Amino acid sequence: MNIHEYQAKDLLRRYNVPVLFGKPVFSAEEAGTVTYRDFVTRGISTVVLKSQIHAGGRGKGVVHDVHTNQPIELFGKLVRGVTVIHDGNIADKAYQLARATFSNKLITIQTGDAGKIVRRMFIEEGCSIVHEYYCSILLDRQTSQNIIMVSTEGGMDIEEVAEHSPEKILREYIDPSVGLQSFQARRMAFGLGLSGEPFKSFCTFIAKLYHAYEDMDCSMMEVNPLVVNSENKFIALDAKVNFDDNALFRHPDFMDFRDITEEDPLEVEASKFNLNYIKLDGNVGCMVNGAGLAMATMDIIQLAGGKPANFLDVGGGANVERIANAFRIMTNDPSVECVLINIFGGIVRCDRVANGIVQALQQVSVSTPVIVRLEGTNAIEAGEILKNSGMRFLVATTLEDAANKVTKALHSL
């Protein structure tokens, strides 16, 4: 589960990770009021307005009018996802900037041309930056260890650094049985060329950050930029946090951070029925039981000339209700022109799946071609059920046969 920057920083404060003072706002009027009340009256003369979307590259991203799709200009400049305000009446400028941003779409390198609608913004106090660094923590599945990555090249161009100068990214692997050791923190600090107070500050910072990562059951935590201020202290100037969905039962309060407006509506709907659904950009709806089989199914569809419209794993219990809901969600995607059902009857018998498919299609109207391949226990009986159902199924015998039938059905449209 992804969360917004301001939510991530609220959590990091619980672990005494240094972050700046900031406030979330949800309207232009609130932006002006909060800037004056919580910043100007406290003597803060520089603030940063940050659009809150679940995508990176906000600093270089440009706000576009949601109706005309044209970039928006204000004060003689393009309105970007992150803007520093430090001259004149900052409360009024914050209001005008927020008014130009709210309900319009921010297009970044990660959102693509579709962009994301801005519904929340974060106002944060300014910071005197001496140097920007990069830091992230995530699970390395190849080594079954957590990995901390740091670099002296922090900021908006970290993707280019990773692509063209990977040697500038330092990696430290952490054994989960013992956790981050002091010598590892010092080794990273030396690798960043630190000494004196910044050296001590980094070691303290990374220890707190790693503790937060582990304690919150994160799958990824990124601080970019991680900065050193004029007082030689490390501060998380940005924060991106992803939680491991499988551990959310240990943190029920985290569910309050979920912003479903940032998620695909079909994925939100699928989550209500515990369906593992991920929207893709193809035209073949896929319904499969088992993640490995789903990946193989999508691969062979692609090889046969089709393009998967989704990843959908209905799990071992492919009953009528789950199949019906899966059909409904898939067919609500206007890009789906054909549906492939590929079920292996192991935990559940193929004949029961076949009966489930027939009953589900009596509840859900599907006008697209449906190709079914059932393999495993009682597969022959399942084929007979489908043939005798009176419905227009295309029954496939092998995975290759199923993919070819999908391609033929698409060409006949």
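Here the structure is shown first, and the text comes after it.
Criteria and cut-off values
Residue numbers run consecutively from 1 along every chain, following the written order of its sequence. Under the rules for a predicted model, residues below a pLDDT of 70 receive no local features and side-chain atom pairs below 80 are neither given nor counted, while totals for whole chains, interfaces and linings still include all residues. Excluding hydrogens and water, the side-chain values take into account all heavy atoms of the structure. In this text, helices come from DSSP runs of H or I with a minimum length of four residues, and strands from runs of E with a minimum of two, each type numbered from the N-terminal end. Should any heavy atoms of two residues lie within 4.5 Å, those residues are considered in contact. We get accessible surface area from the Shrake-Rupley algorithm with a probe of 1.4 Å; when it comes to residues, only the shown protein chains can shield them. His is not counted, nor are the chain ends; Lys and Arg add positive charge and Asp and Glu add negative charge. Every charge is mapped to an atom, namely NZ of Lys, CZ of Arg, CG of Asp or CD of Glu. Centre distance within 6.5 Å is the pairing criterion for rings of Phe, Tyr and Trp, where only the six-membered ring of Trp is used; planes under 30 degrees apart are then read as stacked, over 60 as edge-to-face, and the remainder as tilted. Exposure categories follow from relative accessible area, calculated using a 1.4 Å probe and restricted to protein chains: below 20% of the type maximum is buried, above 50% is exposed, and the middle band is partly exposed. One side-chain nitrogen of Lys or Arg within 4 Å of one carboxyl oxygen of Asp or Glu is enough to make a salt bridge. We treat two strands as partners when DSSP finds at least two bridges between them. Axis definition: a line fit to C-alpha positions, over the contact stretch in the case of helices; interaxial angles, taken between N-to-C directions, run 0 to 180 degrees. In this scheme, roughly parallel covers angles under 35 degrees and roughly antiparallel covers those over 145, while 65 to 115 is roughly perpendicular and the rest are oblique. Should the near helix be turned anticlockwise from the far one by less than a right angle, the crossing is left-handed, and should it be turned clockwise, the crossing is right-handed. Following the grouping adopted for this structure description, the nonpolar residues are Ala, Val, Leu, Ile, Met, Phe, Trp, Tyr, Cys and Pro, the charged ones are Asp, Glu, Lys and Arg, and the polar ones are all others, Gly among them.

Visitor: Can you tell me about the overall build of the protein chain, naming the residues and giving the values?
Guide: The helix and strand inventory of the protein chain stands at 12 helices and 21 strands. Dimensions of the protein chain along its principal axes, counting C-alpha atoms only, are 80 × 50 × 40 Å. The long-range share in the protein chain, meaning contacts at least 24 apart out of those at least 6 apart in sequence, stands at 68%. Summing over all exposed atoms, the protein chain offers an accessible surface of approximately 19900 Å²; the carbon and sulfur share of this is 49%. If the 40 positive side-chain charges of the protein chain are averaged to one point and the 51 negative ones to another, these points end up 2 Å apart.

Visitor: Just give me the short version of the packing of aromatic side chains, but keep the residues and values in it.
Guide: Given two aromatic rings, their pairing is described by the distance between the two centres and the angle made by the two planes. The tally for this structure, following the rule as stated, stands at nine aromatic pairs. For the pair Y6 and F26, a centre-to-centre distance of 6.5 Å together with 85° between the ring planes defines the contact as edge-to-face. You can see Y6 sitting in helix α1 (residues 5-14) and its partner F26 sitting in the loop between β1 (22-25) and α2 (28-39), a full 20 residues away along the chain. Among the residues examined, Y6 registers a relative accessible area of 8% and is labelled buried.

Visitor: Quick rundown of the pattern of salt bridges? Include the residues and the values.
Guide: Applying the stated rule across the entire model yields 21 salt bridges. Across the salt bridge formed by E172 and R187, the nearest N and O atoms sit 2.3 Å from each other. Placement of E172 in strand β12 (residues 169-174) and of R187 in helix α5 (residues 182-191) is noted, with a sequence separation of 15 residues between them. The salt bridge involving K405 is made with D401; its shortest N-O contact spans 2.9 Å. One end of the pair is K405 and the other is D401, both in helix α12 (residues 399-411) and four residues apart, which spans about a single turn. One salt-bridge network, held together by shared partners, links E5, K9, K50, R58, E124 and D238.

Visitor: Mind laying out the sheet that holds strand β7 (residues 105-107), listing which residues take part and the relevant values?
Guide: Taking strand neighbours across the sheet as the criterion, the three strands line up as β3-β7-β8 in an open arrangement whose pairing is antiparallel. Edge positions in the sheet fall to β3 (62-64) and β8 (116-117), since each of these pairs with one other strand and no more. Here three bridges tie β3 to β7, and the two strands are oriented antiparallel to one another. By the bridge assignment, V63 is partnered in β7 with L106.

Visitor: Explain the packing of helix α8 (residues 291-303) against α12 residue by residue, including any values.
Guide: Viewed as axis vectors pointing N to C, α8 and α12 meet at an angle of 50°, and their least axial separation amounts to 9 Å. Classified by the interaxial angle, the pair formed by α8 and α12 is oblique. At the point where α8 passes α12, the crossing takes the right-handed sense. Contact with α8, carried on its side by A296, T297, I300 and I301, involves L399, E400 and A403 of α12 and no other residues of that element. For the contact of α8 with α12, the per-class residue count stands at five nonpolar, one polar and one charged.

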